[in-house]
Amino acid sequence: MVKEGGGEEAILPLFETKEARFRGAYKVFASTVFVGICLIWVYRLTHIPSAGQHGRWAWIGMFMAELWFGLYWIITQSSRFSVIYNYPFKERLSYRYQDKLPGVDIFVCTADPKMEPPTMVINTILSVMSYNYPPEKLSVYLSDDGGSELTFYALLEASSFSRHWIPFCKKFNVKPMSPSAYFAQQIDLQDITYAQEWLAIKIMIDGGDKNAVDICGGQLPTLVYMAREKRPQWPHNFKAGAMNALIRVSSEISNAPFILNLDCDMYANDVDTIQEALCFFMDEKRGHDISFVQFPQNFDNITKNDIYACSLTVINNVEHAGLDGYDHATLFCGSACFHRRESLCGKVYSKDYRGEWNIEAKKNTYKTVNELEEASKILASCSYEKDTQWGEKMGLIYGCSSEDIVTGLAIQCRGWKSFYYNPNRKAFLGVAPITLDGVLVQQKRNACSIVEALSCGDTLKAWWNWQRMWVFRRTTASFFGFIDTVVRQLGLSKTTFVLTAKVVTEDASMRYEQEIMEFGSSTIMFTVLATLAMLNLFSFIGGIKKIVLELEFKALDQLILQVILNLLLFLINIPVYQALFIRSDKGRIPFSVLFKSIVLASLACLMPIY
């Protein structure tokens, strides 16, 4: 608190927003690129070959491609013109509210114990149970759509282990708080007392039970397992359905005003993340209209040069921060996001709305554990949502594989704002796909860029890998995602949710560490990649043959740009050529895909160009 004139007390803000440096310089640079794009369009339009002239349709095709990519570049600049960064003051929050901090519910979703191993899920659960936050105001919910006994009993054992793990984390300030991630680090265990603290290891935890304490006598957070009812005739709506069931169940048990949702492979990496997020919601002047605070999604298994371009450094450091600059309109990305429960449940924002901050966690002390379980079963039943607004105006939106993005936009349309916060220490760390197929499946649901990548901590080779993956994604995952969307809109297919495998073989993991691309299957996306790579190879060889063997050096000035473009695409496709012709390991491209790609590319080369 600070004193101002008149004796009135002015409250210091709980966070501040700063503009990124060099925004003006970037706008000047972008303007010059825009002029260049417009000149290219003008040239293409004013030099179209006349009707019947050779190459007319090829020219029109080139113009359409340049028009599309030019428009794409212009649209993406919107996220770079207004880059801002938010900085919370968690010390002020702790001092101002002390024991009046609100309750927080944490949702973790899993669906398949084979693709999302219970050990990985439990590491995430234990990490969020170890937050530096009053445990009596913290509730952790696990939704297991697979209904796996293995996951259930793993959670049962984790609830017992948490009695040892949580005080261990607090005593030694453990970071990260995931046991597997922590012990994977190089740790000095020479101190016998230190080493024995975690040695030694039954039931789910009721945070309202005074006997639910750790080995040091500290209160434990509430821990709830949920496997919602599923029946063939009732749509379960995948992760969005699981999240909505968790919202209802948690409202019966703890009803915390704020919710954190995480993917089961994304563990907590900083003990003070909750306080940092609450600085935005609980700011007296600017916090009342904030619906959600999105943290970046980072990964702990990225190779040095990020072979599959999964680190998202430029997106996390520039693009999301740029969207936040448009009156705070960042996107909800499905995980690592704190929500205001009311806005997530469909409440429309009004200017006179003020949140209740001095409320304590609403633990239901009027019902026994058995009574709460029975009431929650009704809320998690498959028929509960019938003839309700759930999935339409309440909770996460159904009917789209990108339910997170759509839900965030729907919330913003109801008048709420959203903030993006990228702390210095990564708040959450997950597992990135380590096979090309996994990356493309996940995505299914250029000198300025070097500067951006290097300034965000990438290597030059990582930037090049990003360019490669940009091409691969646009020609496969984005293309098939577009087709899926059209088919669903025509009513010819239903929405599906494809899980990304979190488990791979040991040799595939070894190839990933060596930054060797993993193919190994005969999917249609790999057939498209291989066909385009072969078509580019044939074109490159044909162009060189025409210049060198046919001595058409006079045409060199006309072909030089095409040859350079072909060369760049050849370099981008080197991993594909290696997997087609050189490699003999299990990660190579199968012979069936090689045969189909050669046939299809050859047919394309034989087609006449009018």
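- Looking at an unreviewed UniProt entry, one finds the protein chain named Glycosyltransferase 2-like domain-containing protein and attributed to Fagus sylvatica.
- Its UniProt record, at the heading Subcellular location (unreviewed entry), says of the protein chain: "Golgi apparatus membrane".
- The annotation that UniProt attaches to the protein chain under Function (unreviewed entry) is "Thought to be a Golgi-localized beta-glycan synthase that polymerize the backbones of noncellulosic polysaccharides (hemicelluloses) of plant cell wall."

1. A short note on the packing of helix α8 (residues 238-253) against helix α12 (residues 369-379)
- α12 packs onto α8 with a crossing angle of 155° between their chain directions and a minimal axis gap of 9 Å. One way to sum up the angle between α8 and α12 is to call them roughly antiparallel. Crossing handedness for the pair α8 and α12: right-handed. Between α8 and α12, the residues in contact are R248, V249, E252 and I253 and L372, A375, S376 and L379, respectively.
- Grouping the amino acids of the contact of α8 with α12 by side-chain chemistry returns five nonpolar, one polar and two charged.

2. With respect to the side chain of S130
- Of note, S130 is situated in the loop between α4 (118-129) and β6 (138-144).
- For S130, a relative accessible area of 2% gives the class buried.
- Setting aside residues no more than four positions away along its own chain, S130 makes contact with W165, I166, C169, M177 and V271.

3. Here's the deal with the packing of aromatic side chains
- Here the structure, examined in full by the defined rule, presents 31 aromatic pairs.
- Between W165 and F168 the ring centres are 5.4 Å apart and the planes differ by 40°, which places this aromatic pair in the tilted class. Here W165 and its partner F168 are both found in helix α5 (residues 149-172), three residues apart, which amounts to about one turn of the helix.
- Its relative accessible area of 0% is what places W165 among the buried residues.
- You can call F168 buried: its relative accessible area is 2%.
- What links up through ring pairs into an aromatic cluster is the set F15, F280, F295, F338, F419, Y421 and F428.
- Between the NZ or CZ atom of K18 and the centre of the ring of Y87, over which it lies, the distance is 5.5 Å.
- Across the ring face of W59, the terminal group of R44 is positioned such that the distance to the ring centre comes to 4.4 Å.

4. Points about the pattern of salt bridges
- All told, the structure shown has 17 salt bridges when counted by the stated rule.
- The salt bridge involving K90 is made with D272; its shortest N-O contact spans 3.2 Å.
- D272 sits in the buried class, given a relative accessible area of 16%.
- Residues joined in a network through salt bridges with shared partners are D507, R511, E518, R583 and D585.

5. Quick word on the UniProt feature "binding site: UDP-alpha-D-glucose" (unreviewed entry) in the protein chain
- Mapped onto this numbering, the UniProt entry annotates "binding site: UDP-alpha-D-glucose" (unreviewed entry) at E116 and D145. Judged by maximum C-alpha separation, these annotated positions cover 30 residues in sequence but sit close together in space, the widest gap being only 11.5 Å.
- In this fold, E116 is placed in the loop between β5 (104-110) and α4.
- By relative accessible area, E116 is classed as buried at 6%.
- A distance of 2.9 Å separates a polar atom in the side chain of E116 from a polar atom in the side chain of T110.
- Its place among the elements puts D145 in the loop between β6 and α5.
- Judged by relative accessible area, which is 13%, D145 ranks as buried.
- Apart from the residues within four sequence positions on either side, D145 is in contact with T110, A111, R228, K230, F238 and A242.

6. Quick word on the UniProt feature "binding site: Mn(2+)" (unreviewed entry) in the protein chain
- Mapped onto this numbering, the UniProt entry gives "binding site: Mn(2+)" (unreviewed entry) at K239 and D263. In sequence the annotated residues extend across 25 residues, while in space they remain close, none of their C-alpha pairs exceeding 9.8 Å.
- You can see K239 is positioned in helix α8.
- Among the polar contacts made by the side chain of K239, one reaches the side chain of D263 at a distance of 2.6 Å.

7. So, the nonpolar core
- Core analysis: the largest hydrophobic core is formed by 85 residues, its most contacted members being I106, I125, Y131, F295 and F428.
- Counting contributing residues per domain, this core is built from domain 2 (88-297 + 333-430) and domain 3 (519-607), each supplying no fewer than three.
- Apart from residues lying up to four places away in sequence, Y131 is in contact with I106, L138, K170, M177, L260, A268, D270, V271, T273, I274 and F428.
- One finds M243, L344, Y398 and W416 within the second-largest nonpolar core, a separate group that totals 27 residues.

Analysis parameters
- Residues numbered from 1 in each chain as written.
- Predicted model: local features only at pLDDT ≥ 70, side-chain atom pairs only at ≥ 80, totals over all residues.
- Heavy atoms only, no water.
- UniProt positions renumbered as here; feature names shortened; annotations may be inferred.
- Axes fitted to C-alpha atoms, helices over the stretch in contact; angles between N-to-C directions.
- Helix = DSSP H or I, 4+ residues; strand = E, 2+ residues; numbered from the N terminus.
- Parallel < 35°, antiparallel > 145°, perpendicular 65-115°, else oblique.
- Left-handed = near helix turned anticlockwise from the far one by under 90°.
- Contact = heavy atoms within 4.5 Å.
- Nonpolar A, V, L, I, M, F, W, Y, C, P; charged D, E, K, R; others polar.
- Buried < 20%, exposed > 50% of the residue type's maximum accessible area, 1.4 Å probe, protein only.
- Phe/Tyr/Trp six-rings, centres within 6.5 Å; stacked < 30°, edge-to-face > 60°.
- Lys NZ or Arg CZ within 6 Å of the ring centre and 35° of its normal.
- Salt bridge = Lys/Arg side-chain N within 4 Å of Asp/Glu carboxyl O.
- Polar contact = N/O pair within 3.5 Å; in protein donor to acceptor, adjacent residues only side chain to side chain.
- Core = buried A, V, L, I, M, F, W, Y, C linked by side-chain atoms within 4.5 Å.
- Domains from an automatic or database assignment.

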